[in-house]
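Fold and contact review
Chain by chain, the residues run as shown.
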Amino acid sequence: MEIDGRDVAKEIVGYRLAQAAGELPELLLRPQAVDDWEGLARIVAGEVPDPGPAAAAFLQAIDPGETGALSVVRTTWMRIDKVGGAA
């Protein structure tokens, strides 16, 4: 294991790996008591997923005709007149 090019494998006495749904994994390293370390080393591994493909799939699944028909039937929409004010 290296941090900034330095081999720290022999200096680590424990670790914790955790991941919550939808988040990046997190590795918490516990070093032994040496002068070169201050506190804990915290490393987040991975890349944040690109929301673009999921958003594109969602938008492609929308049926414009059905959406338009539902908006005409729905009575709770606020009507806007041609000038831009509420009707």
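The subject of this paragraph is the overall build of the protein chain. The helix and strand inventory of the protein chain stands at two helices and five strands. Starting at the N terminus, the α and β elements of the protein chain follow one another as β-β-β-β-β-α-α. Residue burial in the protein chain is summarised as follows: out of 87 residues, 10% are buried. For the protein chain, the computed accessible surface area is about 7700 Å², with 57% contributed by carbon and sulfur atoms.

A separate point is a nonpolar patch on the surface. A cluster of nonpolar side chains, contributed by Phe-58, Leu-59 and Ile-62, occupies part of the molecular surface with about 320 Å² of accessible area. Examined against the element boundaries, Phe-58 turns out to sit in helix α1 (residues 52-60).

Turning our attention to the side chain of Glu-11. Note on placement: Glu-11 falls in the loop between β2 (6-7) and β3 (12-18). Among the polar contacts made by the side chain of Glu-11, one reaches the side chain of Arg-6 at a distance of 2.7 Å.

Here we come to the pattern of salt bridges. For side chains of opposite charge, pairing can occur when their charged atoms come near one another. One pass over the full model with this rule turns up one salt bridge. With its nearest N and O atoms 2.7 Å apart, the salt bridge here joins Arg-6 to Glu-11. Its relative accessible area of 31% is what places Arg-6 among the partly exposed residues.

A word on the confidence of the model for the protein chain. Averaged over all residues, the pLDDT of the protein chain is 76; the fraction at 70 or higher stands at 67%. The secondary-structure element of the protein chain with the lowest mean pLDDT is strand β5 (residues 41-44), recorded at 61, while α1 shows the highest, at 90.

Criteria and thresholds
Residues numbered from 1 in each chain as written. Predicted model: local features only at pLDDT ≥ 70, side-chain atom pairs only at ≥ 80, totals over all residues. Heavy atoms only, no water. Helix = DSSP H or I, 4+ residues; strand = E, 2+ residues; numbered from the N terminus. Buried < 20%, exposed > 50% of the residue type's maximum accessible area, 1.4 Å probe, protein only. Areas by Shrake-Rupley, 256 points an atom, 1.4 Å probe, with all protein chains shown as cover. Patch = residues over 30% accessible without salt bridge, like charges linked within 9 Å, V, L, I, M, F, W, Y side chains within 5 Å. Salt bridge = Lys/Arg side-chain N within 4 Å of Asp/Glu carboxyl O. Polar contact = N/O pair within 3.5 Å; in protein donor to acceptor, adjacent residues only side chain to side chain. pLDDT = per-residue confidence, 0-100.

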